[in-house]
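# Structural description and commentary
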Amino acid sequence: MKQDMIVILDLGSEENARLAREIRALGVYSEIHPHDITPEQLQALPNVKGIIVNGGANRIVDGEEIHVSKEILNAPVPVLTVDYDGDLTWPEDQKERENILSGFIFGLCGAEANWNMENFIADQVELIRRQVGDKKVLLALSGGVDSSVVAALLIKAIGKQLTCVHVNHGLLRKGEPEEVIRVFRDEMDANLVYVDAVDRFLDKLAGVSDPETKRKIIGAEFIRVFEEEARKLDGISFLGQGTIYPDIIESGTKTAKVVKSHHNVGGLPEDLQFELVEPLKMLFKDEVRACGKALGLPDGMVYRQPFPGPGLGVRCLGAITRERLEAVRESDAILREEFARNGLEGKVWQYFTAVPDFTSVGVREGKRSDEWPCILRAVNTVDAMTATVEDVPFALLQHITKRITTEVKGINRVLYDLTPKPTGTIEWE
Ligand code: XMP
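Nothing here was measured: the structure is a model prediction, and the numbers come from that model.

Further remarks concern the nonpolar core. Within the largest apolar cluster, 76 residues are counted, with the highest numbers of intra-cluster contacts made by Ile 23, Ile 51, Ile 52, Phe 184, Leu 280, Cys 291 and Leu 297. Structurally, this core is a two-domain feature, drawing no fewer than three residues from each of domain 1 (5-108) and domain 2 (117-302). Once you skip the residues sitting within four places of it in the chain, Phe 184 turns out to touch Leu 141, Ser 148, Ala 151, Ala 152, Ile 155, Asp 189, Ala 190, Leu 297 and Met 301. Grouped together as the second largest cluster of nonpolar side chains are 44 residues, Leu 202, Val 225, Phe 307 and Leu 344 included.

The following block contains the structure:
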């Protein structure tokens, strides 16, 4: 193993993730583990140079104070206890905090600043090979950042022992399925099963207008299609997953409260029991992107804006029809093209179009035409809990309007959504 590691023991502090990031910012890899880790489990972790017992106000669980065992406190590597049984507390001042950390990590533990993507990838390749051996791994490859980076990492580690399944549910953006095939099958020479499930999904969704029901149908049908593909393949032992660190933190550790249940966990039926391979589970989102870049994935895939699992399905408002779905897809492609051309691509957090299920009267070639409106949305946010609206230049909005109303079939008006979140949400349903 190439990287040294500092272990943070989790006693429920909400600051554990911040601490892990601060240590990584100093160039040393860091992982958070449960406070009741056993000496054997600790010993099994590679290259541990030191332990930080990060106490704090949340050490009380069910009215009882939780402790770290004597064996761990007397571990054969240096242990720093903070906000724990009356000794050192974190200073307010960031510089002093950094001084304490670097004094401990580099001085006392003698760790080396050897955390970088090259070493991370080398270590993960070795760990994946150790875990998988000569067995086979299956991965649902959506083309999103996390699944694409996991795919690239697994391809590097085990090549054709990996089978990727890309399900086209018909709700992807223009060009996305083609790009997944080009990058993974053509360039990376992966085993890629492409499933055209467009008709299946659209048939199931026909006439369904309730947003939550639409989401449920899309989610359930996805699992069914993936399961069918999994059953066709012989001798699969492992399931690759693009779980990343925030998913795990938000799902709650033993001591931390559950913020929301993690959408990657669960889902597949009980009789399809695979062991999981989750090589990104200790990375934050920006680190996942850096990993993808280091593995040679194209920028468009690595810096892709967030895209909901149910895809364009939640932007084709009300009951989905093929014609209106095409209007969403084509208008979205124009918006993305214009944002890229005008330097907004890397600047705006999320932007898309939505098409409602009503028409209004307009004129086209001198005749009355009843067509749909198209809503443009462009927002900035840090955590998607609140969002502000991007101040898109008016001339650009007019240009996009002109293109959409001439190039997209069935659209006669374009509206720009000026509403922040709250009171709006980012999506329209
Ligand atoms: P809202 O609309 O709730 O969206 O302000 C916040 C963020 O979440 C994304 N989003 C989803 N992502 N499945 C997903 O994977 C969904 O059903 C879903 N709905 C919303 C949305 O795009 C935004 O980034």
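There is more to say after this.
Okay, the side chain of Glu 429 next. Position of Glu 429 among the secondary structure elements: in the segment after β16 (411-416). Given the relative accessible area of 19%, Glu 429 is considered buried. One polar contact links the side chain of Glu 429 to the main-chain amide nitrogen of Gly 318, over a distance of 3.3 Å. In this view, Glu 429 contacts Pro 211, Lys 214, Arg 215, Gly 313, Val 314, Cys 316, Leu 317 and Gly 318; residues no more than four positions away in its chain are not counted.

Those residues of helix α11 (residues 285-294) that sit buried are Glu 287, Val 288, Cys 291 and Gly 292. Seen along its axis, α11 keeps its buried residues to an arc of 145°; they face one direction. Residues of α11 that are buried make contact with α1 (16-25), α5 (117-132), α6 (145-158) and α12 (299-302). The first or second residue beyond α11 is Gly 296, which carries a positive phi of 90°.

Bringing the domain arrangement of the protein into the picture now. Interface size is commonly expressed as the accessible area that is lost once the parts come together. Here the protein is described as being made up of domain 1 (5-108), domain 2 (117-302) and domain 3 (321-416). Measuring from the centre of the C-alpha atoms in domain 1 to the corresponding centre in domain 2 gives 32 Å. In this complex, domain 1 contributes 15 residues to the contact, which on the side of domain 2 involves eleven residues. Of the roughly 1100 Å² buried where domain 1 meets domain 2, counting both sides, 53% is carbon and sulfur surface. Among the residues of domain 1 in contact with domain 2, Asp 10, Arg 21 and Arg 24 are the three that bury the most area, contributing 42% of the side total. Where domain 1 meets domain 2, there are two salt bridges. Close ionic contact of Asp 286 with Arg 21 constitutes a salt bridge, the shortest N to O distance being 2.8 Å. For the interface between domain 1 and domain 2, the tally reads four residue pairs in polar contact (both at pLDDT 80 or more). Considering each element in turn, the side of domain 1 that touches domain 2 owes the most residues, four residues, to strand β2 (residues 29-34).

About the criteria used
- Residues numbered from 1 in each chain as written.
- Predicted model: local features only at pLDDT ≥ 70, side-chain atom pairs only at ≥ 80, totals over all residues.
- Heavy atoms only, no water.
- Core = buried A, V, L, I, M, F, W, Y, C linked by side-chain atoms within 4.5 Å.
- Buried < 20%, exposed > 50% of the residue type's maximum accessible area, 1.4 Å probe, protein only.
- Domains from an automatic or database assignment.
- Contact = heavy atoms within 4.5 Å.
- Helix = DSSP H or I, 4+ residues; strand = E, 2+ residues; numbered from the N terminus.
- Polar contact = N/O pair within 3.5 Å; in protein donor to acceptor, adjacent residues only side chain to side chain.
- Arc of directions from axis to C-beta.
- Buried area = accessible area lost by both parts, 1.4 Å probe.
- Salt bridge = Lys/Arg side-chain N within 4 Å of Asp/Glu carboxyl O.

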